Amino acid sequence: MIDFAQRTIDLARQNVAEGGRPFATVIAKNGEILAESANKVAQTNDPTAHAEILAIREACTKLGTEHLVGTTIYVLAHPCPMCLGSLYYCSPDEVVFLTTRDGYEPHYVDDRKYFELATFYGEFAKDWRDRRLPMRYEPRAAAVDVYRFWQERNGGQRTATVVPPG
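On a predicted model such as this, the values are computed, not experimentally measured, just so you know.

**Here's the deal with the nonpolar core**
Buried together is how nonpolar side chains tend to be arranged in soluble globular proteins. One finds I27, L34, A35, A55, I56, A59, C60, L68, I73, V75, L87 and C90 forming the largest nonpolar core, which totals 12 residues. Sorting the residues of this core by element identifies β2 (32-38), α3 (51-63), β3 (71-75) and α4 (81-90) as the ones contributing at least two each. At four residues, α3 tops the list of elements feeding residues into this core. Once residues lying within four places of it in the same chain are set aside, the contact partners of A55 are T25, I27, A35, E36 and S37. Among the nonpolar cores identified, the runner-up in size contains 10 residues, and F23, C83, Y108 and F120 belong to it.

This is the structure we're talking about:
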C-alpha cells in the first residue's frame, strides 16, 4: 500500500533540494496515485504554479473531467486561498493536509504586496471597494451578453454544474 502522505513529504523535500519551494500535492484514487506535483513557482516564474493547481490539472486531464469525485488529495500544508478555491471547485472526497501555517510559519513565509496569509482570508469578507488590492468596477452590458450567449447555447437553462456521484 502506498503511503500517500509520505509521498507528498518526499516530493516537497526533493523540490527544496532542487531549488523549489516546500510544497507538494498527491492525488489518490482507488489506492493509486492519479497525479502528483511539487510547487513550481520558483522554477517557472508562474505565481499560479502551486502544487495543488498543477496536480489538479494533471488529474482532471487524465480523467477527462473537471471533477475529482472519488479522490483524496494530500497537500503538505493547509492550502492557500487560491488552492483552496480550486479544491472546492474540483470536488474531491477529501483533502488531507500534513501541517498548518502555524506549524511551518517559524521556518517559511511567502507574504506579498497584497497577500499576507495572516490577513488574507479576511480580505474575502470585505466589500471589493475595501480590499487591499485596488479594484475598479467598469460595467459593460456586453460582458453580461456573453453569459446570455452561453445560456442560449445551452438550451436556455441556467443550471449548476452537475457533480458526478462518487
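That was the structure; now back to the text.
**Things to note about the sheet that holds strand β1 (residues 24-29)**
Backbone hydrogen bonds are what pair the strands of a sheet, in a parallel or an antiparallel way. On the basis of which strands lie adjacent, the open sheet formed by four strands has the order β2-β1-β3-β4 and mixed pairing. The sheet terminates laterally at β2 and β4 (94-97), the two strands that pair on one side only. Averaged over all pairs of adjacent strands, the angle between their axes in this sheet comes to 15 degrees, without regard to strand direction. Bridge analysis of β1 against β3 gives five bridges, and the strand direction is antiparallel. For A28, the partnering residue across the bridge sits in β3 and is T72. Its contacts with the sheet place helix α1 (residues 4-17) against β1, β2 and β3, and it is angled at close to 150 degrees to β1.

**Points about the layout of surface pockets**
There is about 480 Å³ of room inside the largest pocket. Counting residues per element, the ones that place at least two in the lining of the largest pocket are α4, α5 (101-104) and α6 (117-125). When its residues are assigned to classes, the lining of the largest pocket shows 15 nonpolar, three polar and five charged. Considering only enclosed or pocket space, the second largest pocket measures out at about 190 Å³ in volume. Split by residue class, the lining of the second largest pocket holds six nonpolar, no polar and two charged.

How each quantity is defined
Residues numbered from 1 in each chain as written. Predicted model: local features only at pLDDT ≥ 70, side-chain atom pairs only at ≥ 80, totals over all residues. Heavy atoms only, no water. Core = buried A, V, L, I, M, F, W, Y, C linked by side-chain atoms within 4.5 Å. Buried < 20%, exposed > 50% of the residue type's maximum accessible area, 1.4 Å probe, protein only. Helix = DSSP H or I, 4+ residues; strand = E, 2+ residues; numbered from the N terminus. Contact = heavy atoms within 4.5 Å. Pairing = 2+ DSSP bridges. Axes fitted to C-alpha atoms, helices over the stretch in contact; angles between N-to-C directions. 1 Å grid on protein atoms, 1.4 Å probe; cavity = no way out; pocket = protein on both sides within 12 Å on 5 of 7 lines; lining within 4 Å. Points joined across faces, edges and corners; volume = space filled by probe spheres on them. Nonpolar A, V, L, I, M, F, W, Y, C, P; charged D, E, K, R; others polar.

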